[in-house]
Amino acid sequence: MKHPVEQIVSERLTQAFAPTFLEIRNESEQHIGHAGAQGGGQHLFIRIVSAQFSGISTVQRHRLIYNAVLDLMPNRIHAMRIDAQAT
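These notes cover the structure that comes with them. (Residues numbered from 1 in each chain as written. Predicted model: local features only at pLDDT ≥ 70, side-chain atom pairs only at ≥ 80, totals over all residues. Heavy atoms only, no water.)

1. Describing the sheet that holds strand E1 (residues 21–26)
Part 1 of the reasoning: Taking strand neighbours across the sheet as the criterion, the three strands line up as E1-E2-E3 in an open arrangement whose pairing is mixed. Across the chains shown, the open sheet's two edge strands, defined by having one partner strand only, are E1 and strand E3 (77–86). Between one strand axis and the next, the sheet turns by 10° as a mean value, whatever way the strands run.
Part 2 of the reasoning: Relative to the sheet, helix H1 (residues 4–17) contacts E1, strand E2 (42–50) and E3, its axis offset from that of E2 by approximately 25°.
Part 3 of the reasoning: The strands that helix H3 (residues 58–69) touches are E2 and E3; relative to E3, the one it contacts most, it runs at about 135°. (Pairing = 2+ DSSP bridges. Helix = DSSP H or I, 4+ residues; strand = E, 2+ residues; numbered from the N terminus. Axes fitted to C-alpha atoms, helices over the stretch in contact; angles between N-to-C directions. Contact = heavy atoms within 4.5 Å.)

Right, here's the structure in full:
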């Protein structure tokens with residue numbers, strides 16, 4: 001079962017980017033003891049493939065993804081590791 005934050009992120013990224021592939025993994029257990037983990041914010045890994053990323057840089061892709069979930073940071077999401085590819 002997905003954590004509620006993972007579900008929200010999945011829905012937003014699906015709506016924003018119509019991905020052909022989307023994987024969201026909660027990696028919070030790898031950050032136990034880290035200052036951000038103490039506040040309950042999740043550490044997420046996101047792998048996403050979308051035609052909307054064609055012709056734009058990695059930095060631009062990451063900015064688009066961050067903008068889709070900005071209101072969840074830093075309280076519900078502490079950090080994201082992103083692999084964003086174009087189809």
